[in-house]
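Examination of the molecular architecture
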Amino acid sequence: MPARGRPPRAWTPTVFGLTVLVAAAGCARAPSPLAPQASGSIGSPNHGVLTQGAELPKTGPGWVWLRNDDRHHGIPRFVRAIERAATKIAEERPGAVLSVGDLSTRSGGALMPHLSHRSGRDADLLFYVTTLDGAPVTSPGFVHFGPDGLAWDPDGKRFLRFDVERQWLLVKTLVEDPEARIQWVFVSRDVEAMLLEWARARGEPADTIARAMDVMLQPKPGGVHDDHVHIRTACSPSEIVRGCEPTGPMRAWIAATDAKTEVTETTSELLLAILGPMGGARVPPDPKGVLASDVEAEP
Ligand SMILES: [Zn+2]
């Protein structure tokens with residue numbers, strides 16, 4: 001019973017509250033590509049599809065596709081975040097170009113040989129590399145770096161050096177970008193160690209290093225990731241309403257940002273989206289659990 005004289009507290013929808021509500025609703029009504037309300041990133045990274053995505057341009061200020069194909073589509077804000085990060089690094093440390101591997105196809109769905117990359121939330125980014133003399137060169141592809149920061153390039157028949165400075169700047173830029181909502185940076189333990197050692201030696205902000213430590217992981221199974229990073233974006237609350245299925249841990253700094261964000265849609269619109277008839281076949285849950293659902297096969 002409310003205290004006398006105090007009006008009952010009005011329910012003010014917050015993004016955090018809606019996320020919880022939607023997550024609960026999602027248990028009974030998993031998103032489906034057949035559901036008319038669903039759009040954007042639908043389902044999970046390893047069972048989903050993509051509508052209304054954006055294609056990363058073939059080249060731009062600081063990036064270039066590794067291969068000329070239809071595998072560079074993603075959630076528009078995620079694609080923009082990759083563009084922003086590559087552009088920033090090209091401006092701050094000119095001379096290098098980010099080589100971009102697979103994102104998702106235009107409509108998402110299965111993308112061999114990956115286990116994920118299905119719903120516009122994943123991207124493979126080749127490492128920034130230099131020659132042994134330190135001259136930046138565009139990555140020739142998936143060359144494997146060891147703990148000494150060197151990789152053999154079989155095509156160029158030369159050793160390449162891991163460009164820890166630019167690579168850290170990429171990780172830093174992504175985890176500090178609120179629109180990127182970086183949930184995972186899959187990368188080998190050796191590369192992670194090099195990046196963190198560099199960041200600490202440079203006196204980078206503790207909060208940024210903590211975020212990087214949270215998201216960097218050598219996945220198992222899914223490949224060592226000593227030849228590229230795989231980044232994944234977390235669903236936003238409005239994307240969850242439209243069918244994006246959250247998997248894996250919610251990062252504290254992303255949740256904190258969401259909690260402060262005012263909901264722009266009206267309550268009725270959101271409730272309709274959350275509780276309205278979704279129909280369609282249920283997307284089966286991943287039986288292997290969080291980590292297995294988050295990783296991929298070797299590219
Ligand atoms: Zn990947």
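This text follows the structure it describes.
Our subject in this report is the structure included herewith. The model shown is predicted, which means the values in this text are computed figures rather than measured ones.

**Here's the deal with the packing of aromatic side chains**
This model, assessed by the stated rule, comprises 5 aromatic pairs. Pairing W184 with F186 gives two aromatic rings, centres 5.3 Å apart and planes at 20 degrees, and the pair type is stacked. There is no split in this pair, since W184 and F186 are both buried. Grouping aromatic residues by their ring pairs yields a cluster made of F127, F145 and F162. For the cation-ring pair, R251 lies above W184, with the distance from its terminal atom to the ring centre recorded as 4.6 Å.

**Let's talk about the nonpolar core**
Counting residues in hydrophobic clusters, the biggest one holds 50 residues, and the most contacted among them are L125, I182 and I231. Each residue touching I182, except ones within four places of it in the same chain, is listed here: F78, L174, V175, V215, I231, R232, R251, W253 and I254.

**Notes on the sheet that holds strand β12 (residues 158-162)**
Ordered by their spatial adjacency, 4 strands build an open sheet running β10-β9-β12-β11, and the pairing between neighbours is antiparallel. Of all the strands in the sheet, the pair left with one neighbour each is β10 (136-137) and β11 (150-153). Taken together, the 2 bridges between strand β9 (residues 129-130) and β12 define a ladder with antiparallel strand orientation. In the sheet register, T130 faces β12, and the bridge partner there is R161.

**Structural notes on helix α3 (residues 164-176)**
End to end, α3 covers 18 Å across 13 residues, agreeing with the expected 18 Å (1.5 Å per residue, within 8%). Where burial is concerned, most of α3 is hidden: 11 out of the 13 residues are buried. The complete set of buried residues in α3 reads V164, R166, Q167, W168, L169, L170, V171, K172, T173, L174 and V175.

**Some remarks on the packing of α3 against helix α5 (residues 206-215)**
Running from N to C, α3 and α5 cross one another at 95 degrees; their axes reach a closest spacing of 10 Å. By the angle between their directions, the pair α3 and α5 is classed as roughly perpendicular. Counted together, W168, V171, K172, V175 and E176 of α3 and T208, I209, R211, A212 and V215 of α5 form the full contact between these two elements. A class-by-class count of the residues in the contact of α3 with α5 yields 6 nonpolar, 1 polar and 3 charged.

**Details of the packing of helix α2 (residues 76-92) against α3**
Packing of α2 against α3 leaves a shortest axis separation of 10 Å and a crossing angle of 140 degrees. Relative to α3, the element α2 lies oblique. In terms of crossing hand, the pair formed by α2 and α3 is right-handed. Facing A81, A85, K88, I89 and E92 of α2, the residues of α3 in contact are R166, L169, L170, T173 and L174. When the residues that make up the contact of α2 with α3 are grouped by side-chain class, the tally is 6 nonpolar, 1 polar and 3 charged.

Criteria and cut-off values
- Residues numbered from 1 in each chain as written.
- Predicted model: local features only at pLDDT ≥ 70, side-chain atom pairs only at ≥ 80, totals over all residues.
- Heavy atoms only, no water.
- Phe/Tyr/Trp six-rings, centres within 6.5 Å; stacked < 30°, edge-to-face > 60°.
- Buried < 20%, exposed > 50% of the residue type's maximum accessible area, 1.4 Å probe, protein only.
- Lys NZ or Arg CZ within 6 Å of the ring centre and 35° of its normal.
- Core = buried A, V, L, I, M, F, W, Y, C linked by side-chain atoms within 4.5 Å.
- Contact = heavy atoms within 4.5 Å.
- Pairing = 2+ DSSP bridges.
- Helix = DSSP H or I, 4+ residues; strand = E, 2+ residues; numbered from the N terminus.
- Expected span 1.5 Å × (residues − 1).
- Axes fitted to C-alpha atoms, helices over the stretch in contact; angles between N-to-C directions.
- Parallel < 35°, antiparallel > 145°, perpendicular 65-115°, else oblique.
- Nonpolar A, V, L, I, M, F, W, Y, C, P; charged D, E, K, R; others polar.
- Left-handed = near helix turned anticlockwise from the far one by under 90°.

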